Amino acid sequence: MSWQRKHLLDIESLTPEEIVTVLDTARAFKAVGERAIKKVPALRGKTVINLFVEPSTRTRISFELAAQRLTADVINFSAEVSSLKKGETLKDTARNLEALNADIIIIRHSAAGAPHFLARFLRASVVNAGDGAHEHPTQALLDAFTIREKKGKIAGLKVTILGDILYSRVARSNIWALTKLGAKVTLCGPPTLVPKAFEQMGCRVTHCVEEAIADADIINLLRIQHERQRKTMFPSLGEYTSLFGLNPARLAQTRPEALIMHPGPINRGVEIDSDIADGERSVILEQVTNGLAVRMAVLFLVNGGQGPQGVAAV
Amino acid sequence: MSWQRKHLLDIESLTPEEIVTVLDTARAFKAVGERAIKKVPALRGKTVINLFVEPSTRTRISFELAAQRLTADVINFSAEVSSLKKGETLKDTARNLEALNADIIIIRHSAAGAPHFLARFLRASVVNAGDGAHEHPTQALLDAFTIREKKGKIAGLKVTILGDILYSRVARSNIWALTKLGAKVTLCGPPTLVPKAFEQMGCRVTHCVEEAIADADIINLLRIQHERQRKTMFPSLGEYTSLFGLNPARLAQTRPEALIMHPGPINRGVEIDSDIADGERSVILEQVTNGLAVRMAVLFLVNGGQGPQGVAAV
Amino acid sequence: MSWQRKHLLDIESLTPEEIVTVLDTARAFKAVGERAIKKVPALRGKTVINLFVEPSTRTRISFELAAQRLTADVINFSAEVSSLKKGETLKDTARNLEALNADIIIIRHSAAGAPHFLARFLRASVVNAGDGAHEHPTQALLDAFTIREKKGKIAGLKVTILGDILYSRVARSNIWALTKLGAKVTLCGPPTLVPKAFEQMGCRVTHCVEEAIADADIINLLRIQHERQRKTMFPSLGEYTSLFGLNPARLAQTRPEALIMHPGPINRGVEIDSDIADGERSVILEQVTNGLAVRMAVLFLVNGGQGPQGVAAV
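Please read all numbers here as calculations on a predicted model, not as lab measurements.

*Asks:* When you look at the overall build of chain A in this model, what are you seeing that I'm missing?
*Replies:* In terms of helices and strands, chain A carries 12 helices and 9 strands. Over its C-alpha trace chain A gives a radius of gyration of 19 Å, about what one expects of a compact globule, namely 20 Å for 314 residues. In terms of overall dimensions, chain A has C-alpha extents of about 55 × 45 × 35 Å along its principal axes. Across the 314 residues that make up chain A, the buried fraction comes to 62%. Within chain A, counting contacts between residues at least 6 apart in sequence, those at least 24 apart form 71% of the total. With an accessible surface of roughly 11,000 Å², chain A has 53% of that area assigned to carbon and sulfur atoms. Computing the positive centroid from 39 side-chain charges and the negative centroid from 33, chain A places the two 4 Å apart.

Structural data, given as structure tokens:
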């Protein structure tokens, strides 16, 4: 058992063994989701708080359901209706939530480092559900889980991540997880959004999509957050689609067994062609299912659960 | 046992026997709501998602509580804070929710046919909580339940529905349920909102309120959605009240045992006089109580529950 | 056992014995919050509805979690998305919620007397979670609980409440609770906000902060609701801080064992210096923890629970 951590703050600080422990534990919890009664009493009588200072329905629901299936009590705290609007600091909000005997605080925040900040003074466990452009560790873990489940391994695989890398916490967490587990990561997208500096993280950087996808085992397409893109750094949507979108012509140039991934929600016809998203090489919906299992595993482990063998015991 | 359906999409496609099965099952669940411990484990470990793309606090709460009393795990998904705002399609949203191993997806949507659309591709059960001006099947079932409970039968009763029929999913579902069960339905309201074409659904249509209510056993008053009415088709509120509102003078012309129903929320002094709403012939609050029992029955049945005798077994 | 009430509407009508019963019951529930499994089945199968017609994340969460830890089913009903916007009256909303077999309705409302109004016609229990500028009884009970726990008693203690007394339901409920339990209450703040008329409630009134805090055992600082203050009655924020804010110089003039309280959320640097809020004499976060225990006690008692000895039995 290689998990001793109280928090899950990022992928960067995890060892490969710790990542594997999460994946193994998630495998055990995935089986729970396939039972007639999708529930275990592992966190009965524990309090989990979803502190979402940046809106996110999908990730919030995935964590909420993960906590419910562990039989925890769950509270949703959305900053839009909260004291944060009255000028309370994040520190005070978190300490107030902890004073309710919270066991685990899941935080989504627009500021990079917010979860680390909370972990410095809270006794409760802190789980990062996405912090600014920094990290989104459970997304990377569910992506790694999906790849391992589909391909039987991660080491040695060629994984291409396509899109806005510079501002993507999904990309950053994926790069950490995949390189730690021995995959070869290629990053691709417009030069303004995929700077050469990422080579220092152990990735190959290219701005030619054909080159990026030709020999990939996995193609992970990031969502184009066109509602947030800075105009000075981003081509038009149409230009992006034409230069980097995954369409049938490009798909034909990939290896037949290459998997198509996407963290969702997808923009059909922008970064991905609609038929490809629904095609048999797409594992997009399996990523969603696996996300729930991974989040159950994370909540279980940060609460002191004993790895995959611990799941069998609950 | 005459329920084999995986979904509840509308009343139109149900047989009379199926409707009766829901009513009988609801009767068993109504007793649960009167116990000290208002809960049965029928859906323990099942996941129910309230997908409300059109706001509705009452119906959402009724379904949420129904699911809780069946010991299901419930997630509320409101489109206002969701990915739908980011341009995701309804289909993608629903498939993502299903990928969380959802067993039942309850959908309220402004577009007629949205539940049928989901049912075509989802493995999860779909329950229609109101789709545009099309149907609102659980409302019709709770209305039928209330009539049957109060009058001992439905066949042969004269039921008058008063108000904006043309744009009312409540009216449409009620017409289907009541005519299938043998009631005689009269529709009444302004000519622009109660066209003669409804006679093809087996109803009597009249624009004279006195005629409509004189021999009715049941008078069901629809809410005047004055915030939505199209000005070209609707008289002023005051004119509506004066021409069609149920006031003491009109009540005096009805049969003494005629029941007053309303799907709520009521507009006191508009479609209904305040004293009549609170009077002894009003069953408006019982409709709310019965709605919870009917929704428990629907969730139970679409999940494979075995009719009223199945409730005793849980 | 001195609790026979079905509702908790205010502190004004409680006897000292009833207040003590709540505090004793809360002590038993506080121990539940320190267990590994923070949950008792006292309200299993009961339905608790949070009817918040005025927004309040903290109080809502505290009640929601209290109900969850008692194993009740909880529904949140926020008026912002509710039928109240469609013009439904509060009475109709409450009766509709009750028709769902609700056992307890917790209400927060901007109108003084709203909970009393509901209690007149509802069969469900009503708990006041704050009504206008009138009362906030659970806040006063958690404040009294905290004082008693820290000081071993309340009778004879000198308690100073500092801030906007005139518009504060927290102040009003605290004055009732503390004077009933034998404390000596001093009120202090700007003359426009702390009129002499409060002397009729048995308090000392002063507008000199030094005088108010010099011999106090407890200093309770109210939040300056600067977003709501009427300009004609309130000095500028800077002026308030300089005249009434608790800073190190003023703290030095207090008794060394005086406790600092605040109902939260705090405005650091306005009514309280940041270091004092975090200092060892501050019990602000313990108030939050105690609030949960007090709310569990209130829900338990209004539902017919048998005082502190009853908690041991569940």
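There's plenty left to go through after this.
*Asks:* Any chance you could explain the environment of C:Lys38 here in plain terms?
*Replies:* Here C:Lys38 is to be found in the loop between α1 (16-32) and β1 (47-52). Discounting chain neighbours no more than four positions away, the residues touching C:Lys38 are A:Gly45, A:Lys46, A:Thr47, A:Asn101, A:Asp103, C:Val32, C:Gly33 and C:Arg69. There is a polar contact of 2.4 Å between the side chain of C:Lys38 and the side chain of A:Asp103.

*Asks:* What is the right way to read the relation of the copies chain A and chain B from this model?
*Replies:* Mapping between the two copies of the chain is achieved by a rotation about an axis and a shift along the axis. Structural alignment of chain A on chain B gives an RMSD of 0.0 Å, achieved by rotating through 120 degrees and translating 0.0 Å along the axis. Expressed as an axis order, the relation between the two copies is that of a three-fold axis.

*Asks:* Even after reading the chapter, I still don't get the sheet that holds strand β5 (residues 158-162) of chain B, so can you show me in this structure?
*Replies:* What links the strands of a sheet is backbone hydrogen bonding, and the strands pair in either a parallel or an antiparallel sense. All names here are of chain B. Strands sit in the order β7-β6-β5-β8-β9 across an open sheet of 5 strands; the sheet is parallel. Two strands close off the open sheet at either side, each with one partner strand: β7 (204-206) and β9 (259-261). Each neighbouring strand pair of the sheet contributes to a mean axis angle of 20 degrees, computed without reference to strand direction. Pairing of strand β6 (residues 184-188) with β7 involves 3 bridges; the strand directions are parallel. Each bridged residue has a counterpart across the sheet, and for Cys188 the counterpart in β7 is Thr206. Contacts from helix α5 (residues 137-151) reach β5, β8 (218-221) and β9 within the one sheet, and its direction differs from that of β9 by about 165 degrees.

*Asks:* Even after reading the chapter, I still don't get the interface of chain A and chain B, so can you show me in this structure?
*Replies:* Many descriptions give the size of an interface as the accessible area lost when the pieces come together. Across the boundary between the two partners, chain A contributes 25 residues, which contact 23 residues of chain B. At the junction of chain A and chain B, the tally comes to 4 salt bridges. Here B:Arg95 and A:Asp278 are joined by a salt bridge, their closest N and O atoms 3.2 Å apart. Counting across the interface, chain A meets chain B through 13 residue pairs in polar contact (both at pLDDT 80 or more). When residues in the side of chain A that touches chain B are grouped by element, the largest group, 9 residues, is from helix α2 (residues 57-69) of chain A. Taken together, the residues of the side of chain A that touches chain B break down into 9 nonpolar, 6 polar and 10 charged.

*Asks:* Would you mind showing me how to read helix α11 (residues 284-302) of chain B here?
*Replies:* Given 3.6 residues per turn, any residue in an α-helix points the same way as the ones three and four places further on. Residues and elements named next belong to chain B. Taking 1.5 Å as the rise per residue, α11 with 19 residues should run 27 Å; its terminal C-alpha atoms sit 27 Å apart, in good agreement. Most of α11 sits inside the fold, with 17 of its 19 residues counted as buried. Note on α11: the residue one or two positions beyond its end, Gly304, has a positive phi of about 100 degrees.

*Asks:* Got a minute to help me understand unusual backbone geometry in this structure?
*Replies:* B:Pro265 follows B:Gly264 through a cis peptide bond whose omega is -10 degrees. By secondary structure assignment, the location of B:Pro265 is in the loop between β9 and α10 (274-277). A positive phi angle, near 60 degrees, is found at A:Asn101, a position not held by glycine. You can see A:Asn101 is positioned in the loop between α3 (90-98) and β3 (104-109). The backbone of B:Thr71 sits at a positive phi, close to 70 degrees, despite the residue not being glycine. Along the chain, the position of B:Thr71 falls in the loop between α2 (57-69) and β2 (73-78). Residue classification places B:Thr71 among the partly exposed residues on the basis of a relative accessible area of 22%.

*Asks:* Looking at this structure, how should I read the packing of aromatic side chains?
*Replies:* The relative placement of two aromatic rings is captured by the distance of their centres and the angle of their planes. All names here are of chain A. Within this structure, the stated rule accounts for 9 aromatic pairs over all chains. For the pair Phe117 and Phe121, a centre-to-centre distance of 5.3 Å together with 75 degrees between the ring planes defines the contact as edge-to-face. Separated by 4 residues within a single helix, Phe117 and Phe121 lie in helix α4 (residues 114-121), roughly one turn from each other. Residue class for Phe117 comes out partly exposed when judged on its relative accessible area of 30%. The exposure class assigned to Phe121 is partly exposed, which follows from its relative accessible area of 23%.

*Asks:* Mind showing me how you'd approach the pairing of strand β4 (residues 125-131) of chain B here?
*Replies:* Along any regular strand, the residues point their side chains to alternate faces of the sheet. Residue and element names in this part refer to chain B. The element β4 is extensively covered by neighbouring structure, given that 7 of its 7 residues are classed as buried. For strand β3 (residues 104-109) and β4, the ladder comprises 5 bridges, and the chain directions are parallel. The residue of β4 that forms the bridge with Ile104 is Ser125. With respect to chirality, the unit in which β3 leads through helix α4 (residues 114-121) into the neighbouring parallel β4 is right-handed.

*Asks:* What is the right way to look at the environment of B:Phe121 in this model?
*Replies:* C-alpha of B:Phe121 to C-alpha of B:Asn220: the two residues are 99 residues apart in sequence and 36 Å apart in space. What B:Phe121 contacts, discounting residues up to four positions off in sequence, is B:Lys91, B:Ala94 and B:Arg95.

*Asks:* Got a minute to help me understand helix α6 (residues 169-180) of chain A in this structure?
*Replies:* Residues and elements named next belong to chain A. Taking 1.5 Å as the rise per residue, α6 with 12 residues should run 16 Å; its terminal C-alpha atoms sit 17 Å apart, in good agreement. Buried residues dominate α6, accounting for 9 of its 12 residues. Of the residues trailing α6, Gly182 is marked for its positive phi of about 90 degrees.

*Asks:* Would you mind going over the environment of B:Val270 with me for this structure?
*Replies:* All names here are of chain B. Topologically, Val270 is positioned in the loop between β9 and α10. By relative accessible area, which is 13% here, Val270 ends up buried. Residues Val270 and Leu237, spaced 33 residues apart in sequence, show a C-alpha to C-alpha distance of 7.0 Å. Sequence-distant contacts of Val270, that is, excluding residues within four places in its chain, are made with Ile224, Leu237, Thr241 and Gly245.

*Asks:* So what exactly am I meant to see when it comes to the interface of chain C and chain B here?
*Replies:* Across the boundary between the two partners, chain C contributes 23 residues, which contact 25 residues of chain B. In total, chain C and chain B occlude about 2,300 Å² of area from one another, counting both sides; carbon and sulfur atoms represent 49% of this. Where chain C meets chain B, there are 4 salt bridges. Elements with a minimum of two residues in the side of chain C that touches chain B: β2 (73-78) and α3 (90-98) of chain C. Here the side of chain C that touches chain B is built from residues that sort into 7 nonpolar, 8 polar and 8 charged.

*Asks:* Just checking my understanding: could you explain the sheet that holds strand β8 (residues 218-221) of chain A for this structure?
*Replies:* Residues and elements named next belong to chain A. Taken in spatial order, the 5 strands line up as β7-β6-β5-β8-β9 in an open sheet, and their pairing is parallel. Looking at strand neighbours, the two that pair on one side only are β7 (204-206) and β9 (259-261), the edges of this open sheet. Strand-to-strand twist across the sheet, computed as the mean angle between neighbouring axes with direction ignored, equals 20 degrees.

*Asks:* Would you mind going over the packing of α1(C) against helix α11 (residues 284-302) of chain C with me for this structure?
*Replies:* Axes are the key here: two packed helices are described by the angle between their axes and the distance separating the axes. All names here are of chain C. Relative to each other, α1 and α11 sit at 115 degrees, their axes nearing to 7 Å. As for how α1 packs across α11, the hand of that crossing is right-handed. Residue-level inspection shows Thr21, Val22, Thr25, Ala26, Phe29, Lys30 and Val32 of α1 in contact with α11, the latter providing Thr289, Asn290, Ala293, Val294, Met296, Ala297, Val298, Phe300 and Leu301. Looking at the contact of α1 with α11 residue by residue, the class counts come to 11 nonpolar, 4 polar and 1 charged.

*Asks:* What is the right way to look at the packing of α5(B) against helix α6 (residues 169-180) of chain B in this model?
*Replies:* Residues and elements named next belong to chain B. The N-to-C vectors of α5 and α6 enclose an angle of 50 degrees; their axes lie 8 Å apart at closest approach. On the basis of their axis angle, the class for α5 and α6 is oblique. Considering only the axes of α5 and α6, their crossing is right-handed. Of the residues in α6, those touching α5 at Pro137, Gln139, Ala140, Asp143 and Ile147 are Val170, Ser173, Asn174, Ala177 and Leu178. Within the contact of α5 with α6, the residues separate by chemical class into 6 nonpolar, 3 polar and 1 charged.

About the criteria used
Residues numbered from 1 in each chain as written. Chains lettered and ligands numbered in written order. Predicted model: local features only at pLDDT ≥ 70, side-chain atom pairs only at ≥ 80, totals over all residues. Heavy atoms only, no water. Helix = DSSP H or I, 4+ residues; strand = E, 2+ residues; numbered from the N terminus. Rg over C-alpha atoms; globule rule 2.2 N^0.38 Å. Buried < 20%, exposed > 50% of the residue type's maximum accessible area, 1.4 Å probe, protein only. Contact = heavy atoms within 4.5 Å. Areas by Shrake-Rupley, 256 points an atom, 1.4 Å probe, with all protein chains shown as cover. Lys, Arg positive; Asp, Glu negative; His and termini not counted. Charge placed at Lys NZ, Arg CZ, Asp CG, Glu CD. Polar contact = N/O pair within 3.5 Å; in protein donor to acceptor, adjacent residues only side chain to side chain. Least-squares fit on C-alpha atoms with pLDDT ≥ 70 in both. Pairing = 2+ DSSP bridges. Axes fitted to C-alpha atoms, helices over the stretch in contact; angles between N-to-C directions. Salt bridge = Lys/Arg side-chain N within 4 Å of Asp/Glu carboxyl O. Nonpolar A, V, L, I, M, F, W, Y, C, P; charged D, E, K, R; others polar. Expected span 1.5 Å × (residues − 1). Phe/Tyr/Trp six-rings, centres within 6.5 Å; stacked < 30°, edge-to-face > 60°. Right-handed = clockwise from strand over helix to strand, strands pointing away. Buried area = accessible area lost by both parts, 1.4 Å probe. Left-handed = near helix turned anticlockwise from the far one by under 90°. Parallel < 35°, antiparallel > 145°, perpendicular 65-115°, else oblique.

Nothing here speaks to function; it is geometry throughout.
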